[in-house]
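What follows is the residue order along each chain.
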Amino acid sequence: MAPLTAEAKLPMLLSIAAAGAAIPRLSPYIVRISFTLWQQAYPIGKWAAEQGWKSAYTAVSDFIPGHDSEAAFTKAFTDAGGKMIGSVRFPPANPDFAPFVQRIKDAKPEVVFIFVPAGTQATAMIKAIKDLGLREAGINIVAPQDLLPDEELPNMGDTPLGLITSGIYSVAAKRPANEAFLAVWKREYGDKAIPDFFSVDGWDGMAAIFALVKETKGKFTADEAMAFLSHWKDPDSPRGPIMIDPETRDIVQNIYIRRVEKQGDALVNVEIATIPMVKDPWKELNPPK
């Protein structure tokens, strides 16, 4: 779609796409307001090395988000002195993770990095981790937020307790803007749905569009829209401060290290550390030629 936006001079605001760190370079009419997998996997790779773990294994879904995550974690972990001892890729809609988890267990890394698409695939992976006793074997697990999405935690039992992920948002965050967002969400949907990072990406995408309409009174050209959106910022998003980097047209935002804890009867992703205002590391490492 990106070349079509360039040909048609039609602004496109990405409020979900996280794969393909290079997407905004494919068209001057694209702004990303979601995140990249490099933004999450690279920091958790550095974090894993900082824990003193020396050997790692990657296990990812075999499509672009998985490839980006694998490359980012590997780059950060090895640059920090760690050693990769294996990797595996599996189909994006995989019915049975047990054979792959067994391969991880047999390799005996100190830490495994896992990427699967958020949703039922995440729950299936957690089940395999439990059934094969991966954590009991002394293997640490880290992942981007997709492994433990807020809306899937109620389906996972207690297996995720203590697991560490990196992400842009948690429903448990105590920011005033998030509490206001959750109040509006609950008023609209009650207990029928749990908001997650996709929900907040959509919220912020609409906030940017609303800001554009308000600023221009609804009258703008494509180039005027891009001039506005490529400099847009919001200090009070439910996920924290966000801004668009005008040079890359990609989002800059906090990345949170989160640990699964139990609050009452529910599991939640508690933010235990903040890496402030992270630019997409892939673009930092791969400047335009």
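Residues numbered from 1 in each chain as written. Predicted model: local features only at pLDDT ≥ 70, side-chain atom pairs only at ≥ 80, totals over all residues. Heavy atoms only, no water.

Caption draft 1: Here's a closer look at helix H5 (residues 120–131). Its 12 residues place the ends of H5 16 Å apart at the C-alpha level, agreeing with the 16 Å of an ideal helix rising 1.5 Å per residue. The set of residues buried in H5 consists of Gln-121, Ala-122, Thr-123, Met-125, Ile-126, Ala-128 and Ile-129. Tucked inside the fold, the buried residues of H5 contact strand S4 (83–90), helix H4 (98–107), strand S5 (111–115) and strand S6 (140–144). Positive phi shows up at Gly-133, right after H5, with a value of about 60°. (Helix = DSSP H or I, 4+ residues; strand = E, 2+ residues; numbered from the N terminus. Expected span 1.5 Å × (residues − 1). Buried < 20%, exposed > 50% of the residue type's maximum accessible area, 1.4 Å probe, protein only. Contact = heavy atoms within 4.5 Å.)

Caption draft 2: Local environment of the packing of aromatic side chains. The full count for this structure, using the stated rule, is 13 aromatic pairs. Ring centres of Trp-47 and Trp-53 lie 5.9 Å apart, and the angle between their planes is 75°; on these two criteria the pair is classed as edge-to-face. Trp-53 carries the same exposure label as Trp-47, and that label is buried. Where Phe-197 meets Phe-198, the ring centres are 4.3 Å apart and the plane angle is 45°; that geometry is what we call tilted. An aromatic cluster of at least three residues, connected via ring pairs, comprises Tyr-169, Phe-181, Trp-185, Tyr-189 and Trp-203. (Phe/Tyr/Trp six-rings, centres within 6.5 Å; stacked < 30°, edge-to-face > 60°.)

Caption draft 3: Spotlight on the environment of Lys-46. By the element assignment, Lys-46 lies in helix H2 (residues 37–50). Sequence separation between Lys-46 and Gly-82 is 36 residues, and the spatial gap between their C-alpha atoms is 9.4 Å.

Caption draft 4: Representation of the environment of Ile-251 in the model. Within the secondary structure, Ile-251 is located in strand S10 (residues 250–263). On the accessibility criterion, Ile-251 (1% relative accessible area) is buried. Those residues in contact with Ile-251 that sit more than four places away from it in its chain are Arg-32, Ile-33, Ser-34, Phe-35, Gln-39, Arg-239, Ile-242, Met-243, Ile-244 and Val-278.

Caption draft 5: Here's a closer look at the pattern of salt bridges. According to the stated counting rule, one finds 14 salt bridges in the structure shown. In this structure, the salt-bridge partner of Arg-89 is Glu-70, at a minimum N-O distance of 2.6 Å. Taken together, the residues span a long stretch of sequence, with Arg-89 in strand S4 and Glu-70 in helix H3 (residues 64–79) at a distance of 19 residues. When its relative accessible area of 39% is taken as the criterion, Arg-89 is described as partly exposed. By relative accessible area, which is 13% here, Glu-70 ends up buried. (Salt bridge = Lys/Arg side-chain N within 4 Å of Asp/Glu carboxyl O.)

Caption draft 6: Up close: H3. Here H3 is 16 residues long and its end C-alpha atoms lie 22 Å apart, about the 22 Å a rise of 1.5 Å per residue gives. Along H3, the residues that are buried comprise Pro-65, Gly-66, Asp-68, Ser-69, Glu-70, Ala-72, Phe-73, Ala-76 and Phe-77. If you follow the buried residues of H3, they end up packed against H2, strand S3 (55–61), S4, S5 and S6. At the C-terminal side of H3, Gly-81 shows a positive phi close to 105°.

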